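# Close look at the chain arrangement
Below, each chain spelled out in residue letters.
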Amino acid sequence: MASVMDMDISPKLAKKVYGGDGGTYYAWSPSELVMLKEASIGASKIALEKRGLALPSYSDSAKIAYVLQVWFLCYQLGRAGIVLREATKEKVVAIKKGDTIALPFGTVTWWYNPEDTELVVLFLGDTSKAHKTGQFTNFQLTGSTGLFTGFSTEFVSRAWDLPEAEADKLVKSQSNSGITKLKEGLDLPKPSEEDRVGMVLNCEEAPLDIDIKNGGRVVVVSSQNLPLVGEVGLGGDLVRIDAHSMCSPGFSVDSAYQVTYVIRGSGRVQIVGIDGKRVLETRLKAGCLFIVPRFFVVSKIADADGMEWFSIITTPNPVFTNLAGSSSVYKALSPQVLEAAFDAAPEMEKLFRSKRTKDAVFFPPPN
């Protein structure tokens, strides 16, 4: 087995898996982004056109869904239907850009776009119990690949208490697979504001966990503000850094992988691993996905247009250690230890300690 130090961890774009008039399903393949398999993470997204409907399905993986794009007019937002395990009724929620939804094992969902502008939803999840490590397998309830297409007409008829002719007709009536376009004149259930409570967290409207002037802002997704995250076993965050700002070098202290999707903007990233070896130095752009190996240190610098990304971390309540800034672990070490460790003169240690005494996590560009 190849060492993680030898793996290609460069960012990758998703590729089309299937689609039609209603929209497209994209996924990242573990054969191209090998860290997906190493980290047991799956990654995909759907892009729905006007009246596009992602048919009801469930997955072999627990996931976090993040709404990347949706335009609304007269408050007609995108919609999602969610049936949790053992629930007897679906929850129907309006969805908008920045919405985060935790989807535990066994959750059935559908997604619908009533508007002209594309609805795009990102899915990141744990595939440690999946059929294929590093890849989601979705089970369709209807359509040409629906589960009941595999049963004999007799079994379907008995299960649904329908005449065999009607059972056969019902199973075969939806010719599309995964995504379809809703026929004119049809509509889906209206969303309920009550159903959003406890199910959806909008990261663009939530209170900021970190806010550095001219530096950046963070909203952390955890079991405290989105309870179902605890069942999914993943945490997350939305990070936005300003033009030419830097995100402090840091690492996850709880043996977690960090999976990052760049939403907008561009910039540079460096990742350093075992024995101080730089394992990645590249440019980032919107739409790319990359994974930081456990305990490796990562840092990013934005271009002139700033940069925004959404990450999941493979623990529901992530903790990070920064290696620069006012919260740096270096600041916690005594002067004598730093002098000895760096083999530096006391004057150099004092200069080092005197810097970044107020900046934490994000550093605005130098004047």
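Residues numbered from 1 in each chain as written. Predicted model: local features only at pLDDT ≥ 70, side-chain atom pairs only at ≥ 80, totals over all residues. Heavy atoms only, no water.

Named according to an unreviewed UniProt entry, the protein chain is Cupin type-1 domain-containing protein originating from Acorus calamus. What the UniProt record of the protein chain gives under Sequence similarities (unreviewed entry) is the line "Belongs to the 11S seed storage protein (globulins) family." A UniProt comment under Subunit (unreviewed entry) is attached to the protein chain, and it reads "Hexamer; each subunit is composed of an acidic and a basic chain derived from a single precursor and linked by a disulfide bond." (UniProt positions renumbered as here; feature names shortened; annotations may be inferred.)

Before going further, it helps to spend a moment on the packing of aromatic side chains. Per the counting criterion, the structure on display carries 11 aromatic pairs. Centre to centre, the rings of Tyr 330 and Phe 352 are 5.8 Å apart; their planes meet at 80°, and the pair counts as edge-to-face. Of this pair, Tyr 330 sits in helix 6 (residues 329-332) while Phe 352 sits in helix 8 (residues 346-354); the two residues are 22 residues apart in sequence, bridging distant segments of the chain. Members of the aromatic cluster, joined through ring pairs, are Phe 148, Phe 151, Phe 155 and Trp 160. Over the face of the ring belonging to Phe 352 we find Lys 331, whose NZ or CZ atom lies 5.8 Å from the ring centre. (Phe/Tyr/Trp six-rings, centres within 6.5 Å; stacked < 30°, edge-to-face > 60°. Helix = DSSP H or I, 4+ residues; strand = E, 2+ residues; numbered from the N terminus. Lys NZ or Arg CZ within 6 Å of the ring centre and 35° of its normal.)

Glancing now at the packing of helix 2 (residues 153-160) against helix 3 (residues 164-172). Contact geometry of helix 2 with helix 3 gives a least axis separation of 9 Å together with a crossing angle of 100°. Judged on the interaxial angle alone, helix 3 and helix 2 are roughly perpendicular. Of the residues in helix 3, those touching helix 2 at Thr 153, Glu 154, Val 156, Ser 157 and Trp 160 are Glu 164, Ala 167, Asp 168, Leu 170 and Val 171. Residues of the contact of helix 2 with helix 3, tallied by class, amount to five nonpolar, two polar and three charged. (Axes fitted to C-alpha atoms, helices over the stretch in contact; angles between N-to-C directions. Parallel < 35°, antiparallel > 145°, perpendicular 65-115°, else oblique. Contact = heavy atoms within 4.5 Å. Nonpolar A, V, L, I, M, F, W, Y, C, P; charged D, E, K, R; others polar.)

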